[in-house]
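Structural overview
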Amino acid sequence: MYERLSFIIIFTMHLSSTLSKKILAWYDNSKRNLPWRVSKKSPKKLYYRLLSEFMLQQTQVKTVIPYFKKFTKKYNTLESLSRINENQILKLWEGLGYYRRARNLLASTKIIVKEYNSKLPNTLNEIKRLPEVGDYTANALLGFIYNKPTIAIDGNVKRVFSRYLNKKESKINFEKLISLNKKNLFNTNRNSDFIEALMEFGALICKPKDPKCSICCLNKSCSYLRSSKKIKFNKRKKIKIMNYNIFCYINKKKQIALTKENEISFLKNFNLPLIKLMKSNYVNKDWKFLKNYKNSISNLNLNINLYYKFSNKIPKSYNWYSLNSNKELIPSFTKKIFNQVSTLF
Ligand code: SF4
């Protein structure tokens, strides 16, 4: 009970309309010009926000911008995107990685267009029923589209509050923060801008390394800056090393056999050669060793031994693909395999 009370007191004392005013003033002067930031009255607002929110998950702004432009040039409305099929969206998404996002984006656009008459549902719970839309995205969309007083808690926002209060992220009740904001904690009617301003502030000023305290609009009241006992941040996620054997059937026509039945969960549903976890050094002598190489995906470092076999016979679930193919969807993971195998010809 005491803890809960002290939490609320700290928050309401330290976080107030002054904080929102300062951050919004900074945002008005310093925000980046990003293509999905359209005017509040723009009919494209929902489409642009939905598209950018899916693309920005685990991907940097500078990587997303060209993809966002490519998508909106080809499909300029939510409705036109909703009418395409999975292969079309995956092809357009090619190279952006985490392809599940593309499938979920497409499924979400179809639901919004068909079941909600092209409008975003207006409650958090309904938005969270869209495929794999979690608290962060649902809060962001609710704020952006309906200007609701909410906060989208991503890594940047967590860090800003953590530093400002000089409290470890794990000790801050962010759910409580959102519910206090519903009761006007930050006292602003620019809720949509405030959500974005907090994220932008974390990305540009209160950065993970070397926060720009000397030019920060909050430096007079920031507990982290003033404290002699500054909180420490957890080190970056550990990189995990995974060892795989990849077995490629190839033929003299410069083709490679691919199947969707592989063992790597994050590449499920993609056409790939046979991929197996490397459990021992033993490999059937029918397979010839081609190369060892590394491939990094997110916090995984893949150590790969690549094998090949010339063969005209392939198992049932496989199909032949040209090593020069550019018509099919080829994730960068597969492209690397293609490049390695092409050296045999
Ligand atoms: S003063 Fe420094 S640590 Fe505090 S909020 Fe600003 S940038 Fe972050």
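Parameters at a glance
- Residues numbered from 1 in each chain as written.
- Predicted model: local features only at pLDDT ≥ 70, side-chain atom pairs only at ≥ 80, totals over all residues.
- Heavy atoms only, no water.
- Helix = DSSP H or I, 4+ residues; strand = E, 2+ residues; numbered from the N terminus.
- Buried < 20%, exposed > 50% of the residue type's maximum accessible area, 1.4 Å probe, protein only.
- Contact = heavy atoms within 4.5 Å.
- Areas by Shrake-Rupley, 256 points an atom, 1.4 Å probe, with all protein chains shown as cover.
- Near = heavy atom within 4 Å.
- Nonpolar A, V, L, I, M, F, W, Y, C, P; charged D, E, K, R; others polar.
- Polar contact = N/O pair within 3.5 Å; in protein donor to acceptor, adjacent residues only side chain to side chain.
- Core = buried A, V, L, I, M, F, W, Y, C linked by side-chain atoms within 4.5 Å.
- Salt bridge = Lys/Arg side-chain N within 4 Å of Asp/Glu carboxyl O.
- Phe/Tyr/Trp six-rings, centres within 6.5 Å; stacked < 30°, edge-to-face > 60°.

1. Let's talk about the overall build of the chain
- When its secondary structure is counted, the chain shows 14 helices and six strands.
- Projecting the C-alpha coordinates of the chain onto the three principal axes gives extents of approximately 75 × 50 × 40 Å.
- Here the chain, with 345 residues, has 46% of them falling under the buried criterion.
- Look at the contacts in the chain between residues 6 or more apart in sequence, and 69% of them connect residues 24 or more apart.
- On the chain, roughly 19,300 Å² of surface is accessible, and the fraction owed to carbon and sulfur atoms is 50%.

2. Details of the site of the ligand
- Near the ligand you find R163, I205, C206, P211, C213, C216, N219, C222, Y224 and L225, and these make up its full shell.
- Class assignment for the residues of the shell around the ligand results in eight nonpolar, one polar and one charged.

3. Quick notes on the environment of N301
- Position of N301 relative to the elements: it lies in strand 5 (residues 300-310).
- Along the sequence, N301 and N184 sit 117 residues apart, while their C-alpha atoms lie 45 Å from each other.
- Sequence-distant contacts of N301, that is, excluding residues within four places in its chain, are made with I239, K240, I241, M242, N295 and S296.
- A polar contact of 2.8 Å, which involves the side chain of N301, links it to the side chain of S296.

4. Things to note about the nonpolar core
- Within the largest apolar cluster, 94 residues are counted, with the highest numbers of intra-cluster contacts made by M55, I89, F201, I246, I256, F333 and I337.
- Ranked by the residues each element gives to this core, the list is headed by helix 3 (residues 45-56), at seven residues.
- Contact partners of I256, with chain neighbours within four places excluded, come to C248, Y249, I250, P273, N319, W320, Y321, L323, I337, F338 and V341.
- Core analysis: the second largest hydrophobic core is formed by seven residues, F247, Y249, A257 and Y318 among them.

5. Re the pattern of salt bridges
- With the rule as written, the count across this model stands at 12 salt bridges.
- With a shortest N-O distance of 2.8 Å, R103 and E86 are connected by a salt bridge. Of this pair, R103 sits in helix 7 (residues 100-115) while E86 is found in helix 6 (residues 86-93), placing the two residues 17 residues apart along the sequence.
- Among the residues examined, E86 registers a relative accessible area of 39% and is labelled partly exposed.
- For R190, the salt bridge goes to D193, with nearest N and O atoms at 2.9 Å.
- Taking the relative accessible area as the measure of exposure, R190 reaches 27% and is therefore partly exposed.

6. Section: the side chain of E200
- With respect to the helices, strands and loops of the structure, E200 is situated in helix 12 (residues 191-204).
- Take E200: its relative accessible area is 2%, and that puts it in the buried class.
- Of note is the side chain of E200, whose polar atom sits 2.9 Å from the side chain of R37.
- With residues near it in sequence (within four places) discarded, E200 still touches W26, Y27, K31, R32, R37 and I205.

7. Quick look at the packing of aromatic side chains
- Under the definition given, this model contains 14 aromatic pairs.
- Ring centres of Y308 and F310 lie 6.0 Å apart, and the angle between their planes is 85°; this geometry places the pair in the edge-to-face category.
- The class for Y308 is buried, based on a relative accessible area of 13%.
- For F310, a relative accessible area of 35% translates into the label partly exposed.

8. Some thoughts on unusual backbone geometry
- In the Ramachandran plot, N117 falls in the positive-phi region, its phi being about 55° despite a non-glycine side chain.
- In this structure, N117 sits in the loop between helix 7 and helix 8 (124-127).
- Under the relative-accessibility criterion, N117 is labelled exposed at 60%.
- The backbone of K254 sits at a positive phi, close to 65°, despite the residue not being glycine.

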